Amino acid sequence: MNKINDLFKRKNSRILCIYFTAGFPKINSTTKIINTLQNLPVDLIEVGIPYSDPLADGTVIQNSNKISLKNGMNLSLLFSQIKELKNKMTVPIIVMGYYNQLYKFGEKNFLENCKKSGVSGLIIPDLPVNLFINKYQNLFKKYSLSMIFLVTPQTDSSRILFLSQITNGFLYLVSSNSTTGKIVDFFGKEQISFFEKIKKLPISTPKLIGFGIKDKETFNFSCQYANGGIIGSSFIQSLNKNNLEESIKKYIKSIVD
Amino acid sequence: MKNKFFVDDNGYYGEFGGSFIPEMLYNNIKELQKNYKNFIRSVQFQTLYKKILKNYVGRPTPLFFCKKYSKKYKTKIFFKREDLNYTGSHKINNAIGQSLLAKQLNKKTIIAETGAGQHGVATATVCALMDLKCVIFMGETDINRQYTNVLRMKSLGAKVIPVCSGDKTLKDAVNEAIRYWINHPESYYLIGSTVGPHPYPQMVADIQSVISEEIKIQLKEMYGSCYPNYVIACIGGGSNAAGSFYHFLDNDSVNLIAVEAAGHGIKTKKTAASIHCGSKGILHGSMTFLLQNEDGQVIPAYSISPGLDYPGIGPMFANLFIKKRVKFLYSTDKEALREGYELIRSEGIIPALESAHALASLKKISFKKEDTVVVILSGRGDKDINVYEKFLTKNLSYDE
Ligand SMILES: Cc1ncc(COP(=O)(O)O)c(C=O)c1O
């Protein structure tokens, strides 16, 4: 049984998912951050694989990617870092990367490594859905890995329904048409009408809202419309490399307490 | 027009191309995929496009028979003078074509990336002409080395946004333009070469095909035959090469030569030769050849010519390479400089450093006496005059 599906069976509201970039601020921060997060009220962890050209990301994540790569992060190291925690891992882990990383590493090799190290799902924002269906869906099933798809306020209803059937684990609702970390008017008209539209659609898959969640208020708001929210840039900004654990505890406390 | 080397109905050139974009750009790309072909091929577009090219850009550009080079290389050498286009390069063809599409789609803001600044200047010019708002992304490294073009863009009313990510060159300018497009989906992204997600590569090739259309007519007038034996073009993303190969692709008697920028050499790390030194993967939304490490991290390119300083190549050319329809050569910084300078002194033509890479390949090909060889001078070198000057000073001090 996939851990993400398992999670939503147990809990279907106020799911808190935290995104961070592996290898940032320091190369060995990955395991420290995961360990700290899973002892806090965090339900899902999304680990970003640093990339040289993160097209969908704003400056905060671009910067963490750059530093992580400078620190020497690479895929083999990342998989071995996650694998170290496999037996102690309670919270499902999702990895997020760009398609070229999966492609160049070798898709099968990549998925096998995910499986071996205890990863439960993937987010690959530039992987076309049709290519996924034709080329990878069976492989994902074989390794019981979830592939998570995104929808945005510009996605029309029929495509939202289509993607909600292909996505596995949950559907990722991107709160606004933007790159990550942009200050969005989270309570704006466009956002609310998008969330309302989604609420009315017959979607059985759980939904998490991401992009623009940065504090208790925005997280609570996302919980009104979806099963929970994903926080990335704001969390990364809060990390204090001199006292990682404390900064993480403080941040999570500021969101759910 | 059907051609086995053009994009198929799924957006692919063999195993290359496609559209690898985040969901945020899905509608934008769909809109282009749905509309571009009918529009670009419509009589309405073609008439208007050709009229602007003639009266505003000054096309057709001459096909210049070069006596001295013909004698030197013991063959018949012609230069296709894209440098004589208004704004100084072939980039203006694409800027006009795509901005007509943008107008048709009712867009008010144009965004574009630029390396050498040639595409940026062309876009800023057309935006002034057509009353469109213009935002140009340019890497800081390129801003410093092509500053006169920055001044031109600014005076034309464009907003020039310096890009400080990555190694601050063309690749990073494309990244930043795409990010801006994600955040401003109402704008039109006027990409400058045959790169990017489908339909950009084919659309830009279609628009630039006017180059080979003219070559055919011009050769026919002079010799009675439309077909040269060689067409030689430099290649960054591939737009001047695509335009000048376009109408010759299905005639195997025409040797098509694309010349990559090798920077310090293809055995060094400082190179931009994606076919010679790259491997298969995804860059800027399409499957192609790119410079990357085993983890799929993109390796920054290097070339003295900012327009070729790009770690990828258009997907159409990745396929033309695999199918062996186009032969790929390379020229180093030094070779390009030397041959560029040679042209200046021999013919009074100052070529762009990009175009000088094509010239530098002439020495590496053995032509027959009766061959007709067309070399594409994709742009003029006023922007590079400081680099030529430095080269001259250095070499004179060697010689004397
Ligand atoms: C004069 C000139 N030639 C060639 C190029 C390379 O682009 P492409 O390969 O798209 O023709 C550029 C790009 O800036 C250019 O300015």
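Residues numbered from 1 in each chain as written. Chains lettered and ligands numbered in written order. Predicted model: local features only at pLDDT ≥ 70, side-chain atom pairs only at ≥ 80, totals over all residues. Heavy atoms only, no water.

Draft legend 1. Main features of the packing of aromatic side chains. One pass over the structure, following the stated rule, counts 36 aromatic pairs over all chains. Taking 5.7 Å as the distance between ring centres and 70 degrees as the angle between the ring planes, the aromatic pair formed by A:F235 and A:Y251 counts as edge-to-face. With a gap of 16 residues between them, A:F235 in helix α11 (residues 233-238) and A:Y251 in helix α12 (residues 244-255) connect regions that are remote in the sequence. For A:F235, a relative accessible area of 0% translates into the label buried. For A:Y251, a relative accessible area of 9% corresponds to the buried category. Three or more aromatic residues joined by ring pairs form one cluster here, namely A:Y99, A:Y103, A:Y136 and B:F20. The ring of B:Y302 carries B:K270 above its face, with NZ or CZ at 4.6 Å from the centroid. (Phe/Tyr/Trp six-rings, centres within 6.5 Å; stacked < 30°, edge-to-face > 60°. Helix = DSSP H or I, 4+ residues; strand = E, 2+ residues; numbered from the N terminus. Buried < 20%, exposed > 50% of the residue type's maximum accessible area, 1.4 Å probe, protein only. Lys NZ or Arg CZ within 6 Å of the ring centre and 35° of its normal.)

Draft legend 2. Representation of the interface of chain A and chain B in the model. In this assembly, 34 residues from chain A lie in contact with 31 residues from chain B. Between chain A and chain B, the buried area comes to about 2,900 Å², and carbon and sulfur atoms account for 49% of it. Interface area lost by chain A to chain B is led by A:D53, A:L55 and A:K104, which between them contribute 23%. The interface formed by chain A and chain B contains 2 salt bridges. Linking A:R159 and B:E23 is a salt bridge whose minimum nitrogen-to-oxygen distance equals 2.8 Å. Listing elements by their share of the side of chain A that touches chain B, those giving two or more residues are α3 (59-71), α5 (99-105), β6 (150-151) and α8 (157-166) of chain A. The biggest single contributor to the side of chain A that touches chain B is α5(A), with 6 residues. (Contact = heavy atoms within 4.5 Å. Buried area = accessible area lost by both parts, 1.4 Å probe. Salt bridge = Lys/Arg side-chain N within 4 Å of Asp/Glu carboxyl O.)

Draft legend 3. Summary view of the pattern of salt bridges. Residue and element names in this part refer to chain B. What the rule picks out here adds up to 25 salt bridges over all chains. For E15, the salt bridge identified is with K280, shortest N-O distance 2.6 Å. Here E15 is found in the loop between β1 (12-13) and β2 (16-17), whereas its partner K280 is found in strand β11 (residues 279-283), with 265 residues between them in sequence. Two residues, D309 and R145, come together in a salt bridge whose shortest N-O distance is 2.6 Å. Taken as a pair, D309 in the loop between β12 (286-290) and α13 (315-322) and R145 in helix α6 (residues 140-145) lie far apart in primary sequence, 164 residues in all. What makes R145 partly exposed here is its relative accessible area of 27%. Each of R59, K80, E82 and E214 takes part in salt bridges that share partners, so that together they form one network.

Draft legend 4. Spatial organisation of empty space enclosed by the protein. Residue and element names in this part refer to chain B. Applying the stated criterion across every chain, the model contains 5 cavities of 30 Å³ or more. Taken as a whole, the largest cavity encloses approximately 340 Å³ of empty space. Around the largest cavity, the lining is made up of 31 residues, and of these H90, K91, L170, G192 and G307 lie nearest the centre. A per-class count over the lining of the largest cavity returns 9 nonpolar, 17 polar and 5 charged. (1 Å grid on protein atoms, 1.4 Å probe; cavity = no way out; pocket = protein on both sides within 12 Å on 5 of 7 lines; lining within 4 Å. Points joined across faces, edges and corners; volume = space filled by probe spheres on them. Nonpolar A, V, L, I, M, F, W, Y, C, P; charged D, E, K, R; others polar.)

Draft legend 5. Seen up close, the sheet that holds strand β7 (residues 171-174) of chain A. What the 9 strands build is an open sheet, ordered β5-β4-β3-β2-β1-β9-β8-β7-β6 (chain A); its pairing is parallel. A strand with exactly one partner marks an edge of an open sheet, and here the two such strands are β5 (146-147) and β6 of chain A. (Pairing = 2+ DSSP bridges.)

Draft legend 6. The arrangement of the site of the ligand in detail. Residues and elements named next belong to chain B. Surrounding the ligand, one finds 18 residues, the nearest of these being S193, G236, G238, S239 and S378. A distance of 2.8 Å is found between an oxygen atom of the ligand and a backbone nitrogen or oxygen belonging to G238. Contact with the protein chains covers 98% of the free accessible surface of the ligand, which is 390 Å². Of the residues belonging to the shell around the ligand, the class tally is 5 nonpolar, 11 polar and 2 charged. (Near = heavy atom within 4 Å. Polar contact = N/O pair within 3.5 Å; in protein donor to acceptor, adjacent residues only side chain to side chain. Areas by Shrake-Rupley, 256 points an atom, 1.4 Å probe, with all protein chains shown as cover.)

Draft legend 7. Summary view of the packing of helix α5 (residues 118-130) of chain B against helix α7 (residues 147-155) of chain B. Residue and element names in this part refer to chain B. Close contact between α5 and α7 brings their axes to 9 Å; oriented N to C, the two are set at 15 degrees. In terms of axis orientation, α5 runs roughly parallel to α7. Where α5 crosses over α7, the two elements pack in a sense that is left-handed. Contacts from Q118, G120, V121 and A124 in α5 reach N149, R152 and M153 in α7. The residue makeup of the contact of α5 with α7, split by class, is 3 nonpolar, 3 polar and 1 charged. (Axes fitted to C-alpha atoms, helices over the stretch in contact; angles between N-to-C directions. Parallel < 35°, antiparallel > 145°, perpendicular 65-115°, else oblique. Left-handed = near helix turned anticlockwise from the far one by under 90°.)

Draft legend 8. Structural detail: the state of the cysteines. Residues and elements named next belong to chain B. By the definition in use, this model includes 0 disulfides over all chains. This cysteine, C127, is not joined by any disulfide, and C134 carries the nearest cysteine sulfur, 3.9 Å off. For C127, a relative accessible area of 2% corresponds to the buried category. (Disulfide = S-S within 2.5 Å.)

Draft legend 9. Seen up close, the domain arrangement of chain B. Residues and elements named next belong to chain B. Domain annotation of chain B identifies domain 1 (13-52 + 90-204) and domain 2 (58-88 + 209-393). When each unit is reduced to the centre of its C-alpha atoms, the spacing between domain 1 and domain 2 is 22 Å. Counting residues at the interface gives 42 residues for domain 1 and 46 residues for domain 2. Of the roughly 3,400 Å² buried where domain 1 meets domain 2, counting both sides, 57% is carbon and sulfur surface. By the criterion of area lost to domain 2, the three top residues of domain 1 are F16, H90 and K171, representing 21% of everything that side buries. Where domain 1 packs against domain 2, one counts 3 salt bridges. At the junction of domain 1 and domain 2, the tally comes to 22 residue pairs in polar contact (both at pLDDT 80 or more). Looking at the side of domain 1 that touches domain 2, the elements that each hand over two or more residues are β2, α2 (43-57), α4 (91-104), α5, α6, α7, α8 (170-183) and α9 (200-208). Examining the composition of the side of domain 1 that touches domain 2, we find that 5 residues originate from one element, α8, more than from any other. (Domains from an automatic or database assignment.)

Draft legend 10. Looking closely at α2(B). All names here are of chain B. When the terminal C-alpha atoms of α2 are compared, their 20 Å separation across 15 residues agrees well with the 21 Å that a helix rising 1.5 Å per residue should span. For α2, every residue scored as buried is listed here: F45, Y49, I52, L53 and V57. When α2 is viewed along its axis, its buried side chains cluster within an angular range of 100 degrees and face the same direction. Exposed and oriented more than 90 degrees from the buried face of α2 are V43, Q44, K51, K54 and N55. Lining the buried residues of α2 we find α1 (26-40), α4, α5, α9 and α10 (210-223). Just downstream of α2 lies G58, where phi reads positive at about 95 degrees. (Expected span 1.5 Å × (residues − 1). Arc of directions from axis to C-beta.)

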